[in-house]
Structures are given as structure tokens and as C-alpha cells.
Amino acid sequence: MTEEIDAIMLDAGGTLIDLKPSREEVFAKVLHQHGFNAELEDIARSIARAERVFDDAQAKLDGKHEDIFWNSYDEFVLKRLGFKGDHEKFSKDVSVEFDRVVPDVKNWVAFPDARPLLEDLKKRDFKIGLVSNATDLARKVMDNLDLSKYFDIMILSEEVGLRKPDPKIFLKAADEVGVQPSRAIHIGDRLAIDVLGAKKAGMNAVLIDRTSIYSDVDCLKIRTLDDMRRFL
């Protein structure tokens, strides 16, 4: 595939960077506040299942009116955990906690395989783009982690008024680095948002499935970014 590819586009959260404390740790903290204790592994499995079940619905979010979606998502997780308390109150409380944690750039870390891949791509003269459904927080996080230097472009949904999986955001990324979509690969951790969106734009797409959420899906798939060496 190397001779046919000129540009690599990457998603941010779940692909290059991860939230610390993790989502399961945030859930565990709020559950404890509600008098319910659960193992982190159980919470992580419940969240992973929710990610698969709500994959299509998540692709339809507009970044603004999302309360109904997240209430349903949280309820799904809580039912799998056996939480019998006030689901609506939990959903409000966990939202407040995420709103506290997520905006702090210090709460984001790079996956161990992120920098090695970016360095390798840069040395091999690939055009590199970040394509994320995000605010300028993503840019600040990349700056804080010293990852911004690897990117030729950053396409953030809030800044361009487009959201994945809309093919237009992928076409914009390809246009800005000066390549045909067919000569670019997009790597992301969501099936409907990243893989199907990129394919609709005529891009190649690779699903990074770090926790085997999409074991039922037949597509180009990797477990870590190190696995991209199979395709490049």
C-alpha cells in the first residue's frame, strides 16, 4: 500500500490520546458517591459494550443536543452493572464530573504507540493530518503533549463547522494536504464515525480497536498503532 498512499489522517481521542482518569474511573467515582461499588474491569466491559451498541447513534450526534443520547448510554451501562439507584441523577452527576475532568489538558495522555508512529510517518514524508470531532481543546492537548509538531494540518469539527462522519470533513482534510482521497488513509477508533465516514469520502480507512469492541466487524482493523506497519 505504500506506493499508493501519500497522507495519513488520524482521529484524536481513543486513537492517539486517552483520558486519565479513564472513563471507567470517572464512572467508578460517581458510582461510589451513589453508594455503589463496582470493579473497574466490569465498568470497562460495560462501557465497551455500550460503545458497540451505540456506535450508529453516536455518529448522528451534533455536538450540541446530546443529553438524551448520554442518558440512554449511561442507563445501558448502569443496567449491565446492576445499579438500582437513581439513573437520572447518576447521569447528571457523571456529566458534571466529565465536564470537570475533560477540559483540563493535564488529564490527557498519549498512547505509548502514538509518538513512535507519528515519528515514523514524518521521517517517511507522509502528509499527516488530525481529523477530530473536537473543540480547540484537542489542539491544546496536542501542544501540551508535544505532538502538534508532527501534523501538517488539524481539522477540528468546531472550527470548520463539519463533523465526522460527514464525508466533507475528510474531503477538506485531503484537499488541505493536497492529495486525492484515494491516496489517503484515515485511522480512527469508531466504526460509523471514522471508518464508514472516511470510506464515503473515498478514503482508505483503518479501525483501531484497542479493546476488541468491534470483534464482529470485518474491515481493516488494528489493535495498536504499531500494527500500521502491515499497511504502510
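Scroll up for the structure.
All values derive from a computational prediction rather than experimental measurement.

Engineer: Just to check I follow, could you spell out the packing of helix H1 (residues 23-33) against helix H4 (residues 67-81) for this structure?
Structural biologist: Helix-helix packing is characterised by the crossing angle of the two axes and by the distance between the axes. Running from N to C, H1 and H4 point in directions that differ by 75°, and their axes come no closer than 13 Å. Judged by the inter-axis angle, H1 sits roughly perpendicular to H4. The residues of H4 that touch H1, namely those facing Arg-23, Phe-27 and Leu-31, are Tyr-73, Asp-74, Val-77, Leu-78 and Leu-81.

Engineer: Could you clarify how one ought to interpret the packing of H1 against helix H5 (residues 87-101) in this entry?
Structural biologist: Relative orientation of the contacting elements H1 and H5 amounts to 130°, with a least axis distance of 10 Å. In terms of orientation, H1 lies oblique with respect to H5. When the axes of H1 and H5 are compared, the crossing they make is right-handed. Residues Arg-23, Val-26, Phe-27, Lys-29, Val-30 and Leu-31 of H1 touch H5, and the partners they reach there are Phe-90, Asp-93, Val-94, Glu-97, Phe-98 and Arg-100.

Engineer: Teacher, can you tell me more about the pattern of salt bridges here?
Structural biologist: Two side chains of opposite charge can pair, provided their charged atoms sit close to one another. Following the criterion strictly, the structure yields 22 salt bridges and no others. Ionic pairing is found between Glu-176 and Lys-172, a salt bridge with its closest N-O pair at 3.0 Å. Here the residue Glu-176 and the residue Lys-172 both occupy positions in helix H9 (residues 167-177), the gap between them amounting to four residues, near one helical turn. Each of the salt bridges in this network shares a partner with another, and the network as a whole consists of Arg-23, Glu-51, Asp-189 and Arg-190.

Engineer: Sorry, what's going on with the side chain of Gln-58 here?
Structural biologist: Positionally, Gln-58 belongs in helix H3 (residues 55-58). On the basis of relative accessible area, Gln-58 is assigned to the buried category, the value being 11%. Sequence-distant contacts of Gln-58, defined by excluding residues within four places in its chain, comprise Glu-51, Phe-69, Trp-70, Arg-190 and Ile-193.

Engineer: Would you explain the nonpolar core in this entry?
Structural biologist: Proteins that are soluble and globular tend to have nonpolar side chains buried together. Residues Leu-16, Phe-151 and Ile-187 are the most contacted members of the largest nonpolar core, which totals 56 residues. When sequence neighbours within four positions are dropped, the list of residues in contact with Phe-151 reads Leu-10, Leu-16, Leu-118, Ile-128, Gly-129, Leu-130 and Met-142. Residues Ala-7, Ala-48, Ile-155 and Ala-201 belong to the second largest nonpolar core, which totals 25 residues.

Engineer: Would you explain the pairing of strand S4 (residues 127-132) in this entry?
Structural biologist: Within a regular strand, the side chains alternate between the two sheet faces. Among the six residues in S4, five count as buried, and that is most of the element. The pairing of S4 with strand S5 (residues 153-156) spans four bridges and is parallel. In the sheet register, Ser-132 faces S5, and the bridge partner there is Leu-156. The parallel pair S4 and S5 is bridged by helix H7 (residues 137-144), and the resulting crossover is right-handed.

Engineer: Looking at this structure, how should I read the environment of Glu-176?
Structural biologist: The class of Glu-176 is partly exposed, set by a relative accessible area of 41%. Remark: the alpha-carbon pair of Glu-176 and Val-105, spanning 71 residues in sequence, is separated by 27 Å. Aside from chain neighbours lying at most four places away, what touches Glu-176 is Ile-153 and Ile-155.

Engineer: Mind showing me how you'd approach the side chain of Asp-55 here?
Structural biologist: Residue placement: Asp-55 occurs in helix H3. Buried charge without a partner: Asp-55 forms no salt bridge, and the closest opposite charge is Arg-52, 4.5 Å away. A polar side-chain atom of Asp-55 sits 2.5 Å from a polar atom in the side chain of Tyr-214. Aside from chain neighbours lying at most four places away, what touches Asp-55 is Arg-190, Leu-191, Ala-192 and Tyr-214.

Conventions adopted
Residues numbered from 1 in each chain as written. Predicted model: local features only at pLDDT ≥ 70, side-chain atom pairs only at ≥ 80, totals over all residues. Heavy atoms only, no water. Axes fitted to C-alpha atoms, helices over the stretch in contact; angles between N-to-C directions. Helix = DSSP H or I, 4+ residues; strand = E, 2+ residues; numbered from the N terminus. Parallel < 35°, antiparallel > 145°, perpendicular 65-115°, else oblique. Contact = heavy atoms within 4.5 Å. Left-handed = near helix turned anticlockwise from the far one by under 90°. Salt bridge = Lys/Arg side-chain N within 4 Å of Asp/Glu carboxyl O. Buried < 20%, exposed > 50% of the residue type's maximum accessible area, 1.4 Å probe, protein only. Core = buried A, V, L, I, M, F, W, Y, C linked by side-chain atoms within 4.5 Å. Pairing = 2+ DSSP bridges. Right-handed = clockwise from strand over helix to strand, strands pointing away. Lys, Arg positive; Asp, Glu negative; His and termini not counted. Polar contact = N/O pair within 3.5 Å; in protein donor to acceptor, adjacent residues only side chain to side chain.

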